[in-house]
Amino acid sequence: MFEVFEKIMTIGIVPEIDPKSEEQALAFLEAISRAGLGCAKIAMRSEGAEDLLRKARQQFPQLLIGAGTILSVLKGEAAMHAGAQFLTSPGFDFDLVDWCFEHSLPIIPSVTTPSEIMHVMKTGLRLVQFFPVEAIGGVPVLRSISAPFPEMRYIAAGGINPFNLESYLRLPIVAGVTGTWISAPGMTKDPDWAAVEALARSAVETVKKIRG
């Protein structure tokens, strides 16, 4: 489990896609792969998301591919059987986290308050999403919350874009960021996969510039 966390923190960028078709999902993964971005997550919101995840894992074994928007153990189980290498959830649920531990499936739950962070710490996890980070104050909030929880690390999620990416990555407590800005050009009626690749490449270069 913790090897996956280490890989996510090394990559530093976890782009998210909510694909409507197999073609869209695979084109996105092909674009970020060309850009050298080795991680992504597929939102488990659509009826066929599990099938898309399964095909993505088959065709892109070199990528670390997770499942996002996991709201229940049932959804987590479906994602696991589809081949998800990690899960993320928009909130924190003890039952879901316990189930993931039982199945050695990496889980990154989300928090927004000190109380939620304390609940997470009881499980032994030290990596969580901070969501929705921009809506509740952004970088200043993360700076403020770092003092009482120095051992925690965060994936900043919600409102991340090319203009604020660097400010988040420069925070020592930020292990990485997630978001949809990289996939956005591919989600239109006229997908621009070259733009997706360019955004992914730029994000990878930003991580390298800041972290070496």
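See the structure shown above.
What comes next concerns the included structure. (Residues numbered from 1 in each chain as written. Predicted model: local features only at pLDDT ≥ 70, side-chain atom pairs only at ≥ 80, totals over all residues. Heavy atoms only, no water.)

## Here we look at the nonpolar core
- Core analysis: the largest hydrophobic core is formed by 74 residues, its most contacted members being Ile32, Leu142, Tyr154, Val177 and Ile182.
- Counting residues per element, this core draws most heavily on helix H9 (residues 193-211), which supplies 7 residues.
- When near neighbours in sequence (up to four residues on either side) are disregarded, Ile182 contacts Ile13, Pro15, Phe28, Ile32, Leu37, Val196, Leu199, Ala200 and Ala203. (Core = buried A, V, L, I, M, F, W, Y, C linked by side-chain atoms within 4.5 Å. Buried < 20%, exposed > 50% of the residue type's maximum accessible area, 1.4 Å probe, protein only. Helix = DSSP H or I, 4+ residues; strand = E, 2+ residues; numbered from the N terminus. Contact = heavy atoms within 4.5 Å.)

## Some points on the pairing of strand E9 (residues 174-179)
- The element E9 is largely enclosed, with a buried count of 6 among its 6 residues.
- Of the pairings in the sheet, the one linking strand E1 (residues 13-17) to E9 comprises 3 bridges and is parallel in character. Looking at the pairing, Ile13 lines up with Val177 of E9.
- Pairing analysis gives 3 bridges linking strand E8 (residues 153-156) to E9, with the strands arranged parallel. Directly across from Tyr154, in E9, lies its bridge partner Val174. (Pairing = 2+ DSSP bridges.)

## Considering the side chain of Thr206
- Mapped onto the secondary structure, Thr206 falls in helix H9.
- Taking relative accessible area as the criterion, Thr206 reaches 15% and is therefore assigned buried.
- Contacts of Thr206, omitting those with residues within four sequence positions, involve Leu165, Glu166 and Leu169.

## Topic: the layout of surface pockets
- Approximately 260 Å³ is the volume attributed to the largest pocket.
- Surrounding the largest pocket, 17 residues form its lining, Glu16, Lys41, Arg45, Phe131 and Ala157 being those nearest its centre.
- Of the residues in the lining of the largest pocket, the class split is 4 nonpolar, 10 polar and 3 charged. (1 Å grid on protein atoms, 1.4 Å probe; cavity = no way out; pocket = protein on both sides within 12 Å on 5 of 7 lines; lining within 4 Å. Points joined across faces, edges and corners; volume = space filled by probe spheres on them. Nonpolar A, V, L, I, M, F, W, Y, C, P; charged D, E, K, R; others polar.)

## Comments concerning the packing of helix H2 (residues 22-34) against H9
- Where H2 meets H9, the closest approach of the two axes is 8 Å, and the angle between their N-to-C directions is 40 degrees. In terms of orientation, H2 lies oblique with respect to H9. The crossing of H2 and H9 is right-handed. Packed against H2, whose contacting residues are Gln24, Ala27, Phe28, Ala31, Ile32 and Arg34, the element H9 presents Trp193, Val196, Glu197, Ala200 and Arg201 at the interface.
- Across the contact of H2 with H9, the residue classes break down as 7 nonpolar, 1 polar and 3 charged. (Axes fitted to C-alpha atoms, helices over the stretch in contact; angles between N-to-C directions. Parallel < 35°, antiparallel > 145°, perpendicular 65-115°, else oblique. Left-handed = near helix turned anticlockwise from the far one by under 90°.)

## Let's talk about helix H6 (residues 114-123)
- Turning to H6, its buried residues are Ile117, Val120, Met121 and Thr123. Summarising the axial view, the buried residues of H6 lie within an arc of 145 degrees, below the 170-degree limit, and thus occupy one face.
- Buried residues along H6 sit in contact with helix H5 (94-102), strand E6 (110-111), strand E7 (127-130), helix H7 (139-146) and E8. (Arc of directions from axis to C-beta.)

## What about the state of the cysteines?
- The tally for this structure, following the rule as stated, stands at 0 disulfides.
- The thiol of Cys39 is unpaired, and the distance to the nearest cysteine sulfur, on Cys100, comes to 16 Å.
- Take Cys100: its relative accessible area is 0%, and that puts it in the buried class. (Disulfide = S-S within 2.5 Å.)

## A short note on the packing of aromatic side chains
- What the rule picks out here adds up to 3 aromatic pairs.
- Ring centres 5.7 Å apart and planes at 75 degrees place the aromatic pair Phe2 and Phe5 in the edge-to-face group. Separated by 3 residues within a single helix, Phe2 and Phe5 lie in helix H1 (residues 2-11), roughly one turn from each other. (Phe/Tyr/Trp six-rings, centres within 6.5 Å; stacked < 30°, edge-to-face > 60°.)

## Some remarks on the environment of Cys39
- By secondary structure assignment, the location of Cys39 is in strand E2 (residues 39-43).
- Sequence separation of Cys39 and Asp51 is 12 residues, and the distance between their C-alpha atoms is 19 Å.
- Apart from residues lying up to four places away in sequence, Cys39 is in contact with Ile8, Ile11, Ile13, Val14, Pro15, Ile32, Leu64 and Phe86.

## Digging into a negative patch on the surface
- Residues Asp93, Asp95, Asp98 and Glu102 make up a contiguous surface patch of negative charge.
- Relative to the helices and strands, Asp93 is located in the loop between strand E4 (87-88) and H5.
- On the basis of relative accessible area, Asp93 is assigned to the partly exposed category, the value being 35%. (Patch = residues over 30% accessible without salt bridge, like charges linked within 9 Å, V, L, I, M, F, W, Y side chains within 5 Å. Areas by Shrake-Rupley, 256 points an atom, 1.4 Å probe, with all protein chains shown as cover. Salt bridge = Lys/Arg side-chain N within 4 Å of Asp/Glu carboxyl O. Lys, Arg positive; Asp, Glu negative; His and termini not counted. Charge placed at Lys NZ, Arg CZ, Asp CG, Glu CD.)

## What to know about the packing of H2 against helix H3 (residues 49-59)
- Relative to each other, H2 and H3 sit at 35 degrees, their axes nearing to 10 Å. As H2 packs across H3, the resulting crossing turns out to be right-handed. On H3, the residues that touch Glu22, Leu26 and Leu29 of H2 are Leu52, Lys55, Ala56 and Gln59.
- Residue composition of the contact of H2 with H3, grouped by class: 4 nonpolar, 1 polar and 2 charged.

These results come straight from atomic positions and should not be treated as a statement about function.
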